[in-house]
Each structure stands twice: as C-alpha cells, then as structure tokens.
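If you want the building blocks of each chain, they are given just below.
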Amino acid sequence: LSSATWMTLPVRPGDSLSRLFQRVGLNDSVVHQLIKSTPQAKDLRSLHPGEELGVQILDGQLQAVRYTKSPLETLIIERDGAGFAASRSLRETEIKLQYSTAVITDNLFNAGDKASLPHSVIMGLANIFGGVIDFVYDIRSGDSFSVLYEEHYLDGSKYDAGQIVAATFTNRGTQYK
C-alpha cells in the first residue's frame, strides 16, 4: 500500500459508501469508479452501523479502501492504474480440542449449561442423537453424555465453538456413540 495515512471512517445509521466518502472530500464519481473497477467492491454496498471503513487518500485521490468484514476477513481495494484491484486477507483461527462430560438431572440443555458447553455444541448433540433419543420423552435423571469438540481461538481469545469431533450419550443404560 502507498505511504498515505489510513483514516478510519465509522459507519453510522443511515450511512452509505457515498456519504462516507463525502465526509472526506471524495465525490460520487469515485464511488462509481470503485464499484465498477472490481466485483468485490459490491461488499461495500452493505455497510452496517458500528463497522469501520479505512481509506487512504493522497493528493485528493483515493488510494485504498480497507473493510473488515469480520475478525477473520478483510477486503482491501487499492488503486491500480486508472482503476482499482481487490484482495482479501483471511485469518485462520487456532483450533483446540475441548472435552466435557455431564450427568443429566432434568434436561439436556440445563446439563449442557452446567457443564459450560456453548449452545451450538448442545444443539449439535441434540442433532447427532436426535434420531435415536427423543429428548422430550426419553431423557431420565442420571443419563449422561461426553463430548469432544473444537474451540476456535483468535489472538489468544476464544472466538467460537467449532465442530463436534466425538460424542457418547448414555440413555437409560444404553450407550450411543
């Protein structure tokens, strides 16, 4: 990227790309040129309040736009001759395996909450075993489950829960894997 300084433009309710560019002295022809230059620029049409757009301007001309779509994906559009070219920066999460086990006293969801399982993992267990266990009528106090699942970390902090790797469920003395 050029040596121009990045400016951060916070997206507020009612903002559009055109309105954001007007705030920094860029007119609608720049928006039109940017959108026409690369198909990836269409992502800039759906900005949401709370997001931020980074721009580089040098001598009154837009040099680059940086849009962080998520903590894992950033779109960068840079001046390329008379037009613009886009690239995406994708970050990978670090995956750690997490094991948890619980005994049910009333229902699957409460047991999962007591075991500090993410709701997506509890739902995953219900989906995996839902074909053989009716979680409304078949569950008894003392039934249990064990689950090995992925946790995704980004910059050392938990980002989200991943897939279930393995699971067992004991219902009325019968173990399902």
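Residues numbered from 1 in each chain as written. Predicted model: local features only at pLDDT ≥ 70, side-chain atom pairs only at ≥ 80, totals over all residues. Heavy atoms only, no water.

Caption draft 1: Structural detail: the pattern of salt bridges. Inspection of every chain in the model, using the stated rule, returns six salt bridges. Arginine 88 is the salt-bridge partner of glutamate 73, the closest N and O atoms lying 2.9 Å from each other. Of this pair, glutamate 73 sits in strand β4 (residues 73–80) while arginine 88 is found in strand β5 (residues 83–90), placing the two residues 15 residues apart along the sequence. In this structure, the salt-bridge partner of aspartate 155 is arginine 91, at a minimum N-O distance of 2.5 Å. (Salt bridge = Lys/Arg side-chain N within 4 Å of Asp/Glu carboxyl O. Helix = DSSP H or I, 4+ residues; strand = E, 2+ residues; numbered from the N terminus.)

Caption draft 2: Examining unusual backbone geometry more closely. Although it is not a glycine, aspartate 59 sits at a positive phi angle of roughly 50°. Looking at the secondary structure, you find aspartate 59 in the loop between β2 (52–58) and β3 (61–70). Positive phi, normally seen in glycine, also occurs at arginine 172, with a value near 55°. Here arginine 172 lies in the loop between β8 (157–171) and β9 (174–176).

Caption draft 3: Summary view of the environment of tyrosine 159. Inspection of the secondary structure puts tyrosine 159 in strand β8. Residue tyrosine 159 is classed as partly exposed on the basis of its relative accessible area, which comes to 32%. Distance from tyrosine 159 to isoleucine 95, taken between C-alpha atoms, is 9.9 Å for residues 64 residues apart in sequence. Ignoring anything within four residues of it in the chain, the contact list for tyrosine 159 reads Pro71, Leu72, Thr93, His152, Tyr153 and Leu154. (Buried < 20%, exposed > 50% of the residue type's maximum accessible area, 1.4 Å probe, protein only. Contact = heavy atoms within 4.5 Å.)

Caption draft 4: Inspection of the side chain of serine 18 at higher detail. Tracing the backbone through its elements, the reader meets serine 18 in helix α1 (residues 17–23). Judged by its relative accessible area of 18%, serine 18 falls in the buried class. Contacts of serine 18, omitting those with residues within four sequence positions, involve Asp28 and Val31.

Interpretation note: all reported values are geometric properties and have no functional meaning in isolation.
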